[in-house]
Each structure stands twice: as structure tokens, then as C-alpha cells.
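# Analysis of the macromolecular model
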Amino acid sequence: MYIHEISIEVKSIINVNEIIDEFGLLMSFYRGNGQTQGNIESQYIENNKIYCLPYTLEKKSLDIIYNNIYINNQIEKIQNLCNSSLKFKIAGKSYKNYSTPCSCKKRDFYILYTDYLTIESPLRCGNCYKSIPLYHIPIYEDYGYIPILSWETNYKSCDNLQMNCEVGERWSINQMQKTDSQLSKQGLGICKKIEKITSIPTYYYLYNYNKISSDCPSCNKKWSLEKKSNNFYDYKCDHCKIVSTITTKT
Ligand SMILES: [Zn+2]
Ligand SMILES: [Zn+2]
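Let me begin by describing the structure that accompanies this report. Keep in mind the model is a prediction, meaning the values are calculated, not measured. (Residues numbered from 1 in each chain as written. Chains lettered and ligands numbered in written order. Predicted model: local features only at pLDDT ≥ 70, side-chain atom pairs only at ≥ 80, totals over all residues. Heavy atoms only, no water.)

Attention now goes to the coordination of the zinc ion (ligand 2). For a metal bound by four donors in tetrahedral geometry, the ideal donor-metal-donor angle is 109.5 degrees, whereas six donors in octahedral geometry ideally sit at 90 or 180 degrees. Donor atoms from the polypeptide that bind the zinc ion (ligand 2) are Cys216 (SG), Cys219 (SG), Cys237 (SG) and Cys240 (SG), placed at 2.3 Å. Around the zinc ion (ligand 2) sit four donor atoms; with metal-centred angles ranging over 105 to 114°, the donor geometry is tetrahedral. Donor residues for the zinc ion (ligand 2) sit on one chain with the sequence pattern C-x2-C-x17-C-x2-C. Accessibility classification places cysteine 237 together with cysteine 240 in one group, the buried group. (Donors = N, O, S within 2.8 Å, 3.2 Å for Na, K, Ca; no water. Tetrahedral: all angles 85-135°; square planar, octahedral: opposite > 155°, others 65-115°. Buried < 20%, exposed > 50% of the residue type's maximum accessible area, 1.4 Å probe, protein only.)

Next up, the structure:
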């Protein structure tokens, strides 16, 4: 992942602390538009300058061509308040587990997937299994991709509960591995909409804790694959558009 540095110097009479909230709002707009990853970025003030260091999937993730109107309006507002211009530069690349996003020319299908650790995009390429920046698909809703990110947060919350074991473990596992849970219904609905706006089949990743059989849990047809696909999924039902893996909890 790339780490960008966004900064602005306050050259007006306004107090720098008053700009911080506006700056935070801009960061949440970038996040909602799929241009930055993860929910927390470092923000700090030095002298009269505000800095923020968000993660992005690509070098060009913050290019103006991907901005929506809310981002552009907020940039203008901040620049007017500060009487100066925002500055963008690449601070570096994260040194750990860096993998570039998908660059496939043609994608046969997408997979909606996340887990408690990752800050990559929840949209994966079915061919290479790398993540796809959300701003590369058509706008999901007027203000960006917030419904997809809301499912992502819900999924991560459940995955955290099952990893921590003590609170709501059984409940969260059921949310993740039952096709008719609230979480799965939300995810499957998102897959349908992504498929509609992209015309690319979109599969939902169903969690599996030593449970799933060779029959699809939704339609009961055979869904286990002869060979693991892309070293990722072992099960795929083209009828219900779900994939899964053989998972063993360690
Ligand atoms: Zn790909
Ligand atoms: Zn099925």
C-alpha cells in the first residue's frame, strides 16, 4: 500500500484547530469514495500546518479524476478557510505484506471479501484474487461506496468477535457462515447491485468453520471444486453466486 501525505498550511487568521474537523471530514469523504483504505490515518499539526497520512491502494488513488463532488467541494472549502492550497505527495510504501491491486485486463467475476485484519478493498478479482479499488467500478450511490464499506465494517466486527472468542463467538460465526443471516443478506444484496452496475458476476464469500459440506448451503447442489481455485476458494456455487474455503480455526 502507498502512504500519501496530504497537508495544508493555514495562512489565514483562522485557528488551525478549527480546520482539523473540516480536514477530518475530507478524509472521511475520500474513504467513502474508496480512495483511501482503513479507517484511521495519522493526523497531526506542526506549526501552522496540518498533515494527514492515509493509505491508498494505488499511487494515483487521490488523483482528482476519482474525486466526487463532495470531495471537490470540501477541498475548496478548506483551501478558502486556510487561504492556501492542499499539497499531495507520496510519503512511501508500507513495508509489510504489500501486494499491488488487481491489474487484470478482463475479469470474469468479482468476490466480496474482507476479514478482521485486512485494509484492502473488499472487492476482489475472481481471476487473480487481488483487491480492486472501489473507485474503479461505477459509482454505487451518489456519495460513493458507503453501503459496501458499511457491510465491510459489519463483517470485520463479526470476524473480530469470533477471533476474540469470549463475546458473541457463536452468534458472529453464524452471521458469517449462514446464507440467511443479516450480514450475509446485506452482503448478497451488495453483490447483486455490483453485478448490476458492472455487468460482471459478483460472488459473496461465505465464511466456513469446519462446517460446509460438498453441497451448497443455499441450494443444496454440489459446489465443491475438484481443485482449489487461485489458492483461494474450494467451493463455488454459480447458481447462488457464493464461494467459500475450507477453514480450520487455529
Ligand atoms: Zn485480477
Ligand atoms: Zn447454491
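On to helix 2 (residues 69-82). Helix length check: helix 2, at 14 residues, gives a terminal C-alpha distance of 20 Å against a target of 20 Å (1.5 Å per residue), a fit within 8%. Listed in full, the buried residues belonging to helix 2 are Ile71, Gln74, Ile75, Ile78 and Cys82. Buried residues of helix 2 fall within an arc of 105° about the axis and therefore sit on the same side. Among the exposed residues of helix 2, those pointing more than 90 degrees away from its buried face are Ile69 and Asn80. Residues of helix 2 that are buried sit in contact with strand 1 (2-9) and helix 1 (16-32). One side-chain oxygen of the residue at the start of helix 2 lies 3.1 Å from the amide nitrogen of tyrosine 70, identifying that residue as asparagine 68. A positive backbone phi angle near 60° is found at asparagine 83, which sits one or two residues after helix 2. (Helix = DSSP H or I, 4+ residues; strand = E, 2+ residues; numbered from the N terminus. Expected span 1.5 Å × (residues − 1). Arc of directions from axis to C-beta. Contact = heavy atoms within 4.5 Å. Polar contact = N/O pair within 3.5 Å; in protein donor to acceptor, adjacent residues only side chain to side chain.)

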